[in-house]
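Residue-level structure breakdown
Each chain, written out:
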Amino acid sequence: MDGPVDYRDKGDGLPKGLDQDSGIGSGYDKVKNEKRCWKRRSSLEKKLIVFITLAAFLILVLIIAVIVIASTTNRQGDICYSEGCINAASRIINGIDRDVSPCDNFFKFACGQWNRNHRIPSEDSRTTSFGVLRKEVRAIVRASLEEPVYATDPLAVAKAKDLYKECLNGTQTEARGIAPLMDHLSYFGGWPVINKTWREEDFDLVDLMIKSRTQGVDTLFWTRVKLDEKQSDSHINTIGEAGLGMPSRDYYLNGRDDASLKSYEKYATAMAILLGADPSQANEEIEKMVDLEIELAKIKTRQEDERDLEKMYNKMTVKELREKYSEFDWGRYMTGVFAFANITSNDTDLVIVRKPAYLTAMFKLINYTPKRTVANYIVWRRVKGNMDRLPKEYKKPLSAYKKEITGSSGERARWEVCAGYTEKYLGGAVGRIFVQKKFDEKAKGLAEEMIENIRAAFNEFLDENDWMDDVTKKAAKEKAAVLLPRVAYPDFIMNDTALDEKYEDIVVITNKYFETNIAIKSVYAKNNIAEIQEKVDKSEWPFVHPSAVNAYYFPNSNQIMFPAGILQPPYFHLEYPKYLNYGGVGLMMGHEITHGFDDEGRQTDKDGNLVPWWTPSAVENFKKKAQCIIDQYSSYKVEEVNMTLNGINTQGENIADNGGLMEAFRAYRNYVSSRGSEEPRLPGVDLSGNQLFFVNFAQIRCSKERPESFLMAITNWRHSPNRYRVIGTVSNMPEFAAAFNCPVGSPMNPEKKCRVW
């Protein structure tokens, strides 16, 4: 047939071109025949046909349902296809470097691609997984802080939004110039190097230190109302040594021509000149000021010598304090400080002196040093502490110094600075914002369950412990049993009235960010002083901002804390398989629990009191175990700066890392045993659950650092650099070696292993 088929009706009810005898075109007759056929069937046949049809339909529905469930909820075969698993798989794949053997260098294996994919921001000395998440959390907070104040906002949240906006208000900062700073310096008697009318006979060190304390500033020494370490249900006034202008004492002890020290001196000199000092006079006076700081650095206590808490606990009355350190009028100082909070001080009040030798040497040095130099140093610290609130022109000297010390050259985004500042001083209000925007309440229950499982794992290790006697084991179990977890946030932040009361004294002054900052610090100083009359309520949270990306152990209250900010990927997710959650935040939970039993934690009992609760043999055996950890980490050399780690200073964190990973892995394996089978794997990731546990542990420590960051970590931090926190820990775990089939003697499976817990 030529041409197109004509489907118009021709009167026979059939389309043209279809053969009526083909069996296709004869549909009408076919339907009639089928109806006659159905009528001829018996009742039983009809029922069977209906039954078979329904059964086929139900089977089809069941097949579709199984496919849908497998694809949308959990597994297809032995693979997890939830959204959380898919995202985690992508992250892990993009972090791992398959060209590196996990048995040679597990940090490079787990984080090699991560390092290539991430750059260090110009304003930072390093970039880390922690830092990436912290920026993400602050970005969430930022979005809310930049919204207008709503009628439904608690007053505290309104204050947080106002404070953030004042901090952002660069126009006002530029317009007001340095006038607010100069007024502030005049309160302290002026900065001698820029003040032509400054007179030595007007200098009053006691008055200057009272003013510093009541504005929350520390120079030469600090005083704070803290928990009494031997009576942890009470507060007591405590005295310690203040920090210096540079990050740590080590920066001052490398010789007078050290580049970092010279950069610091140049920074202070440039600021003095910018603020009006004569250049030649500035050079001369700042040089003398830095010489004073060098001498202060020499008498400061090394961090590794601060780990014996008993030596740091020296209780005496104010009268005894006055007699022991008669070079300084402690009676007038205490009277002035406590009067700020409307409290009367007297000679019978008790005080803890943390470092008596430092106070003796410091006052001898200060009394020997010209008053002008002492005043230059104290007031310089006020200039340096307020750099963030100065016009851009006056921040330029800071850039060169910052580059020398941190290796960074850029300036942090203003929104990030202001979000962090608002979080610091109105943390409860910021936490309220974050929790409402981001936190899933289900996460709290799951995190609490994980803590209990890890606590149980710690108790299992206690039972298996072969170096601790039964008396000490019993006391350790008691301490572990009453250790109090704090998860996500305190309830009061969700209560408008309670939240507003927390910040009722905070006032944000419109268009006066500088003065607002001073006023807020004074409020915090006053509140701290007033605590001397308050009993300790251990049912209260040690206040940590809910949006904080970190975890904590508080020895004097025996509490561990995991804010909502850390209960986020890659550390934790409701849809993650347990091997990821236990390898992430689970490691941190074990870490914080172990802090209660590290070289410092073992010195405080279950009630948080500084008392000897271990037998002498247990202490001696612990020290031998800890020495292995000290020696191991002291052997790690950071090639970027040609320095080895300080194993003594970092031992507490290293012990907590090692114990925490062991406990988290044991808790995970206990979960698998109770489950009866291994968990589904991640899509596209050819790694077992055990392997992924360790990979996630390593990837939450991924970091890329400048040499200056390593230098600061070695000289000033209690944590080892992240790469050594990873390789040092896994190389002590036979379970890791088994998971990756690492041969004995390989770098990540050495024959000698260290273990405390």
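Our subject is the structure listed above.
This report concerns the structure included in the present document. (Residues numbered from 1 in each chain as written. Predicted model: local features only at pLDDT ≥ 70, side-chain atom pairs only at ≥ 80, totals over all residues. Heavy atoms only, no water.)

**Observations concerning the layout of surface pockets**
Each pocket or cavity is described by its volume, and for the second largest pocket that value is around 510 Å³. Taken together, 22 residues form the lining of the second largest pocket, with Asp308, Asp599, Arg602, Gln603 and Lys623 sitting closest to its centre. It is helix 24 (residues 616-634) that provides the largest number of residues to the lining of the second largest pocket, a total of 6 residues. For the lining of the second largest pocket, the residue count by class is 10 nonpolar, 3 polar and 9 charged. (1 Å grid on protein atoms, 1.4 Å probe; cavity = no way out; pocket = protein on both sides within 12 Å on 5 of 7 lines; lining within 4 Å. Points joined across faces, edges and corners; volume = space filled by probe spheres on them. Helix = DSSP H or I, 4+ residues; strand = E, 2+ residues; numbered from the N terminus. Nonpolar A, V, L, I, M, F, W, Y, C, P; charged D, E, K, R; others polar.)

**Details of the pattern of salt bridges**
A complete count under the given rule lists 46 salt bridges for this structure. Its salt-bridge partner being lysine 211, residue aspartate 207 comes within 3.2 Å of it at the nearest N-O pair. Of this pair, aspartate 207 and lysine 211 both sit in helix 9 (residues 205-214), 4 residues apart, which is roughly one turn of the helix. Here arginine 302 and aspartate 305 are joined by a salt bridge, their closest N and O atoms 3.0 Å apart. (Salt bridge = Lys/Arg side-chain N within 4 Å of Asp/Glu carboxyl O.)

**Considerations on the sheet that holds strand 8 (residues 484-488)**
Pairing is mixed across the open sheet formed by 3 strands, whose spatial order is 8-10-9. Every interior strand has two partners, whereas the edge strands, strand 8 and strand 9 (552-554), have only one. Averaged over neighbouring strand pairs, the angle between their axes works out to 20 degrees when direction is ignored. Here strand 8 pairs with strand 10 (residues 559-563) via 5 bridges, running parallel. The partner of leucine 484 across the bridge, within strand 10, is glutamine 559. (Pairing = 2+ DSSP bridges. Axes fitted to C-alpha atoms, helices over the stretch in contact; angles between N-to-C directions.)

**Here we look at the packing of aromatic side chains**
Per the stated rule, a full pass over the model turns up 47 aromatic pairs. Ring geometry for phenylalanine 106 against phenylalanine 109: centres 5.8 Å apart, planes inclined by 25 degrees, an arrangement best described as stacked. Of the two residues, phenylalanine 106 and phenylalanine 109 are both situated in helix 4 (residues 106-117); the distance of 3 residues between them amounts to about one turn of the helix. Measuring from centroid to centroid gives 6.5 Å for tyrosine 582 and tyrosine 668, while their planes differ by 45 degrees, and the two rings are tilted. With tyrosine 582 in helix 23 (residues 578-595) and tyrosine 668 in helix 25 (residues 651-675), this pair connects stretches of sequence that are 86 residues apart. Residue tyrosine 582 is classed as buried on the basis of its relative accessible area, which comes to 1%. In textbook terms, an aromatic cluster arises when at least three aromatic residues are bridged by ring pairs, as seen for Phe106, Phe109, Tyr579, Tyr582, Phe665, Tyr668, Phe693, Phe694, Phe736 and Phe740. (Phe/Tyr/Trp six-rings, centres within 6.5 Å; stacked < 30°, edge-to-face > 60°. Buried < 20%, exposed > 50% of the residue type's maximum accessible area, 1.4 Å probe, protein only.)

**With respect to empty space enclosed by the protein**
Counted by the stated rule, this structure contains 4 cavities of 30 Å³ or more. In terms of lining, the largest cavity is formed by Glu166, Asn169, Gln172, Thr173, Arg176, Gly177, Pro180, Arg389, Asn511, Lys512, Tyr513 and Phe514. Elements with a contribution of two residues or more to the lining of the largest cavity: helix 7 (170-176) and helix 22 (513-530). A total of 3 residues in the lining of the largest cavity trace back to one element, the largest contributor, which is helix 7. The class makeup of the residues in the lining of the largest cavity is 3 nonpolar, 5 polar and 4 charged. Estimated volume of the second largest cavity: approximately 70 Å³. As for the second largest cavity, its lining consists of Ile655, Asn658, Gly659, Met662, Thr729, Asn732, Met733, Cys754, Arg755, Val756 and Trp757. Considering every element that reaches the lining of the second largest cavity, the biggest residue donor is helix 25, with 4 residues.

**Re the side chain of arginine 213**
Locating arginine 213 in the fold gives a position in helix 9. There is no salt bridge for the buried arginine 213, and the closest opposite charge comes from aspartate 218, which lies 6.3 Å off by N-O distance. Side chain to side chain, arginine 213 and asparagine 528 meet in a polar contact 2.7 Å long. Beyond its immediate sequence surroundings of up to four residues, arginine 213 is in contact with Thr223, Arg224, Val225, Tyr333, Val337, Ala525, Asn528 and Ile529. (Lys, Arg positive; Asp, Glu negative; His and termini not counted. Polar contact = N/O pair within 3.5 Å; in protein donor to acceptor, adjacent residues only side chain to side chain. Contact = heavy atoms within 4.5 Å.)

**A look at the sheet that holds strand 7 (residues 350-353)**
Spatially, 4-5-7-6 is the arrangement adopted by the 4 strands of the open sheet, whose pairing is mixed. Unpaired on one side and paired on the other, strand 4 (221-228) and strand 6 (315-317) mark the two borders of the sheet. With strand direction ignored, the average angle separating the axes of adjacent strands in the sheet is 35 degrees. Looking at chain direction, strand 5 (residues 231-241) and strand 7 are connected through 3 bridges and run parallel. By the bridge assignment, asparagine 237 is partnered in strand 7 with valine 351. Here helix 13 (residues 330-339) sits on the sheet and contacts strand 4, strand 5 and strand 7; the angle it forms with strand 5, its principal contact strand, is near 120 degrees.

**Focus: the pairing of strand 4**
In the sheet, strand 4 pairs with strand 5 via 8 bridges, with the strands oriented antiparallel. Residue pairing in the sheet places arginine 224 in a bridge with threonine 238 of strand 5.

**A closer look at the nonpolar core**
By size, the foremost hydrophobic cluster in this structure holds 131 residues, and its most contacted members are Phe106, Leu682, Phe694, Phe740 and Trp757. By residue number, the principal contributor to this core is helix 19 (residues 442-464), which donates 10 residues. The residues touching phenylalanine 106, leaving out its near neighbours within four places in the chain, are Phe694, Val695, Ala698, Val726, Ile727, Val730, Phe736, Phe740 and Met748. Ranked by size, the runner-up nonpolar core spans 73 residues in total, among them Ile178, Phe328, Met362 and Val374. (Core = buried A, V, L, I, M, F, W, Y, C linked by side-chain atoms within 4.5 Å.)

**Describing helix 10 (residues 259-274)**
Counted at 1.5 Å a residue, the expected span for helix 10 with its 16 residues is 22 Å, and the 22 Å between its end C-alpha atoms agrees. Regarding helix 10, the residues found buried are Ser260, Leu261, Ser263, Tyr264, Glu265, Tyr267, Ala268, Thr269, Met271 and Ala272. Tucked into the core, helix 10 has its buried residues touching helix 11 (279-299), helix 15 (371-385) and helix 16 (396-406). Measuring from the side-chain oxygen of the N-cap residue of helix 10 to the backbone nitrogen of serine 260 gives 3.2 Å; that N-cap residue is aspartate 258. Note on helix 10: the residue one or two positions beyond its end, glycine 276, has a positive phi of about 120 degrees. (Expected span 1.5 Å × (residues − 1).)

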